[in-house]
Structure formats: C-alpha cells, structure tokens
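Chain residues, written in single-letter form:
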Amino acid sequence: MAYDDLRSFLEALDKEGQLLRITEEVNPEPDIAAAANAAPRLGDAAPALYFDNVKGFTDARIAMNVHGSWANHALALGLPKETGTKEQVEEFVRRWAEFPVAPERRADPPWAQNTQEGDDVDIFQVLPLIRLNDGDGGFYIDKAAVVSKDPEDPEHSGKQNVGIYRIQVKGRRKLALQPVPMHDIAQHLRKAEETGADLPVAITIGNDPVISIVASTPMKYDENEYELAGALRGAPAPIAEAPLTGLPVPWGSEVVIEGVIEGRKREIEGPFGEFTGHYSGGRSMTVIRIDRISYRTNPVFEHLYLGMPWTEVDHLIAASTCVPLYEQLKKDFPEVQAVNAMYTHGLVAIVSTKKRYGGFAKAVGLRVLTTAHGLGYATTVIVVDEDVDPFNLPQVMWALSTKMNPSGDLITIPNLPVLELAPQAQSPGIVDKLVIDATTPVEPDRRGNYSTQVHDLPEAAEWLTRLQRLSARR
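Conventions used here
- Residues numbered from 1 in each chain as written.
- Predicted model: local features only at pLDDT ≥ 70, side-chain atom pairs only at ≥ 80, totals over all residues.
- Heavy atoms only, no water.
- Helix = DSSP H or I, 4+ residues; strand = E, 2+ residues; numbered from the N terminus.
- Contact = heavy atoms within 4.5 Å.
- Areas by Shrake-Rupley, 256 points an atom, 1.4 Å probe, with all protein chains shown as cover.
- Lys, Arg positive; Asp, Glu negative; His and termini not counted.
- Charge placed at Lys NZ, Arg CZ, Asp CG, Glu CD.
- Salt bridge = Lys/Arg side-chain N within 4 Å of Asp/Glu carboxyl O.
- Buried < 20%, exposed > 50% of the residue type's maximum accessible area, 1.4 Å probe, protein only.
- Pairing = 2+ DSSP bridges.
- UniProt positions renumbered as here; feature names shortened; annotations may be inferred.
- Phe/Tyr/Trp six-rings, centres within 6.5 Å; stacked < 30°, edge-to-face > 60°.
- Polar contact = N/O pair within 3.5 Å; in protein donor to acceptor, adjacent residues only side chain to side chain.
- Axes fitted to C-alpha atoms, helices over the stretch in contact; angles between N-to-C directions.

*Asks:* Which parts of the structure should I look at to understand the overall build of the protein?
*Replies:* Helix and strand counts for the protein come out as 14 helices and 23 strands. If you line up the protein on its principal axes, its C-alpha atoms span 75 × 60 × 40 Å. In the protein, 72% of the contacts between residues at least 6 apart in sequence involve partners at least 24 apart. Put simply, the protein shows about 19,800 Å² of open surface, and 51% of that area lies on carbon and sulfur atoms. Put simply, the protein has 47 plus and 66 minus side-chain charges, and the middle of one group is 2 Å from the middle of the other.

Next comes the structure, spelled out in structure tokens:
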C-alpha cells in the first residue's frame, strides 16, 4: 500500500499495533527524546511514538521513531511487518529495477491550509521545538526533506535534490543548515554563490514514509528522488508546487518552509549529537532566511532521534545505503552478490562477491571507495566470499578469523575524503581508508592452507523449517 501522507501511515501503524500513543503529560525535555532514545531497544518490532500532551505546549503533536524498527520500515514499503532485514534489502533491490517512475502533480495540497509570510513568519508558533540531546547547541529540525535545484540547469528534473540535512533553528525566521560537501545541495549552493546569488530551498516536514527513505538515499547527482519514491511505492509519488519558490515538494507534507540559503553568509552552528554517536562541534555553516511557512491545520511535527546506535536514523538509512552501493558495484562487477552498509551510514561496508582470479576481491573493495557514497562515507570495506552472508555478522567474523592474513590482505589508502562529521578523522574531512580482503585466495594467489571447506548439510535447510514448526507448537 502506498501512503500519500504521514497521517495515513500513522493510522496504518496504529492498526498494526506499531504506534504507541503517550497520553500522560510529559516534559518536552528530556522525556520526548529519552523515550525515542529508548524505543528501538524494544527490538525489531519497536513502535512509533505519538505525543500530544506536552507540558508547556497548548497544542503540540509530535511523532517520533516512525521508521525506528524493521517492522515499521517494512510497513513503510507496504510489506508485512514480519519481513526480515535481508529480505527488505532484497525487495528494495527488486523495486529499484522499476526506477524511474515519474511523479504525479496534484492540486490542493493539505499544507496550503494555513500561511505565514514575510515579517509575520514565526517558526515557534508552528512547531513544538525540543532539544534531542543535552549537549545540542539549540533546537533542531532533523527529519525534513530539503528540496533544491541546480541553478545552472533548473529545468533538469534529475538535477533537483531532495535530501535530509540537520537544520538548527536560529530565530523565528532564521535557520542554519549543514551542507556536507559531497551532498548535492552543496553543489547547488556552490554554483549559486559563484554567481553571487542566493539558493532557493523548500523544507518539508512530516512527509509520507517513503519520501523520508528516498531523501536519505545516496543517489547519483542526476537521479530524481521522487522517481525513486514512485518505484518504491509501486505508484507515482504525489507532488505539488511550492507557491513562493516553485520547487516541487511532497503533496502530503505537514509543513512546507520556503526561503533562501543566503549566499556567502555563515554563522556558527552546533554542536549536535550526530548519527555517528558523537557530538559534532560548532562550525561555520550556511544561513537560511525563511520567507514563507505553509502548514496543515494542527500539524504533526515528525522528529528524529540520533545518538548511540541503534536509533531510528539507523533503521531509516540502512536499506537505502546498502542498495545504491550494490547497484553501482553490480554494474562494474557482476560477481558482486550483496552489500551490507547498514552500519553508521556505511562508514563500514561489507561486500560478498565471487572472484575471477587472484586479487579480484581487493579490486572490488577499492571500487567501493570511488562510488558516490563511498567517497564521503566508506572508511573500512570488508570483502567476503559469495557463500558468506554479509548480513550475518557471525559468518563475517568467521571469514575475518580464517580468511584474512594481515600480511597481504589489508590495503590502507592515506588521505582520502570523508564527511567532516566522521570522528575518527584526524583532520576533519580527511581520513586513511582500509580495504580488508577476507576471501579465500584463488589462482594465481596461492597463500594460505585451504583444503576442503565444511558446508551445511543438504538437509539442514529442511530441518530448520521443521524445527521452527515444532518450536511454534510448544
């Protein structure tokens, strides 16, 4: 089932027992963030959280942990909530094959019900803002889909961008946004500033669940996120035109904020508790002037907790990080079987592959580092044989334990790019990267003493099914 807005998805989660309504009064800080911090620890079927009785707010509706479990992620894709992690990634791959699916333009978006413009703009009147971690430098909006266009080629729909970036609230009509250099919006901003212009943006909050997934997917520069949303939904993504900027925005959003990133203007932003599980310090970042806010009556503020994994962000960006890497590798190396880049947005990536000849696995690992996402994120790549499931960490550790010889299976490449948020970088934005070959050597590589490997007995799969059935009867 395709959901056109956040509210219909929340209703579906409720019917499936995947939405927990917190009816008792809670403090805005630390209760809401602490609950969202704790929720994923309930397991693979952790629920979304909905708060509407927040102390100090007369009219607040806050949704947290909407994508914060594999059950909720499955339902967002229209799959049964019992669908496993690996199966969801495989389904993501199958649906990617349908990309692109053109979006559908619709009139009368629900977010057009109310408007603030110009000097009347006051974001504090629209959103019930809270801090997420006690070391954050202020209020953040961190699950918004930010829409921008390439100022040199604004009619090219593929060069528009829909991405999720952290946004600090600096005033009633002023925001700070962090455009990581390897992200598309940073390229848009660079092109605008080279001509002395501002960059128009639309910030959409409370989107349908697939929009949040595609906005966190590392696609190529000229690939359209709405066209991927259509493939994942199995139906065209509904969009509408933002009235001030003309940017294409999700039809079903709760709030649409329009304005500009002011060219060549910077202010200190941060610190913020990031997806790395560490705080990033204060940095000089871009400034957004808000010129218009459109919003639904009684808007729902969807917020995202980030911290020590696993939290909601790790579920949100898991499959959407694995699949683009898999697709790009598969085009160059058909031998690649699967990619697991679920850990901290792919700072570590595990690839299983067949091999043509000795040294082949190392070449596959090096290719990861030159993909669009690998350039800025992958710092360690582990390559395993085709019969090792990269989603099965005990199998991966077995491969590391028995296949990898440090004397010849480690490749370190110094001074490669990484996003500045990566805490292991000695100089922000630059890090040494590592490829680990944990595959069985093949000719002409004759290292090691690998005779005959033990494989599962042919009857083991049948017995697994029988044992599961017998256990269910107990």
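*Asks:* Could you clarify how one ought to interpret the pattern of salt bridges in this entry?
*Replies:* Between side chains of opposite charge, pairing is possible as soon as their charged atoms come close. A full pass over the atoms with the stated rule returns 38 salt bridges. Residue Asp4 is joined to Arg106 by a salt bridge in which the shortest nitrogen-to-oxygen separation is 3.0 Å. Within this pair, whereas Asp4 is found in the segment before helix 1 (6-15), its partner Arg106 is found in the loop between strand 4 (104-105) and strand 5 (114-117), the two being separated by 102 residues in sequence. Overall, the relative accessible area of 28% leaves Arg106 in the partly exposed class. Between Arg447 and Asp409 there is a salt bridge; the shortest N-O distance is 2.8 Å. Of the two residues, Arg447 is situated in the loop between strand 23 (430-438) and helix 14 (460-472) and Asp409 in the loop between helix 13 (393-403) and strand 22 (410-417); the sequence distance between them amounts to 38 residues. Residue Asp409 is classed as buried on the basis of its relative accessible area of 2%. Through salt bridges with shared partners, one network takes in Asp119, Arg173, Glu262, Lys265, Arg289 and Asp291.

*Asks:* What should I look at first to understand the pairing of strand 23 in this one?
*Replies:* The two faces of the sheet receive side chains in turn, since in a regular strand these alternate between them. When strand 21 (residues 380-385) meets strand 23, the two strands line up parallel, connected through 5 bridges. By the bridge assignment for strand 23, Ile382 is matched with Ile436.

*Asks:* Is there a simple way to think about the UniProt feature "domain: 3-octaprenyl-4-hydroxybenzoate carboxy-lyase-like C-terminal" (unreviewed entry) in the protein in this case?
*Replies:* According to UniProt, the positions carrying the feature "domain: 3-octaprenyl-4-hydroxybenzoate carboxy-lyase-like C-terminal" (unreviewed entry) are residues 316-438. Counted over residues 316-438, helix gives 33% and strand 30%. Its end C-alpha atoms are 28 Å apart.

*Asks:* Before we go on, may I ask you to explain the packing of aromatic side chains in this structure?
*Replies:* Think of a pair of aromatic rings as described by two things: how far the centres are apart, and how the planes are tilted against each other in angle. What the rule picks out here adds up to 10 aromatic pairs. Between Phe124 and Phe139, the ring centres sit 6.5 Å apart and the planes meet at 65°, which makes this aromatic pair edge-to-face. Separated by 15 residues along the polypeptide, Phe124 in helix 5 (residues 123-126) and Phe139 in the loop between helix 5 and strand 6 (140-141) bring together distant segments of the chain. Seen in terms of ring centroids, Trp310 and Tyr343 are 6.3 Å apart; in terms of plane orientation they differ by 65°. Their pairing is edge-to-face.

*Asks:* When you look at the side chain of Ser280 in this model, what are you seeing that I'm missing?
*Replies:* Mapped onto the elements of the fold, Ser280 is located in strand 16 (residues 279-280). In this structure the side chain of Ser280 is engaged in a polar contact, spanning 2.6 Å, whose partner is the side chain of Arg166. Each residue touching Ser280, except ones within four places of it in the same chain, is listed here: Arg166, Pro271, Phe272, Glu274 and Leu421.

*Asks:* What is the right way to read the sheet that holds strand 18 (residues 301-302) from this model?
*Replies:* In a beta sheet, neighbouring strands are held together by backbone hydrogen bonds and run either parallel or antiparallel to one another. Ordered by their spatial adjacency, 4 strands build an open sheet running 1-2-3-18, and the pairing between neighbours is mixed. This sheet does not close on itself; its edge strands, each paired only once, are strand 1 (19-22) and strand 18. Across the sheet, helix 1 is in contact with strand 1, strand 2 (48-51), strand 3 (62-64) and strand 18; its angle to strand 1 comes to roughly 100°. Its contacts with the sheet place helix 2 (residues 31-38) against strand 2 and strand 3, and it is angled at close to 165° to strand 2.

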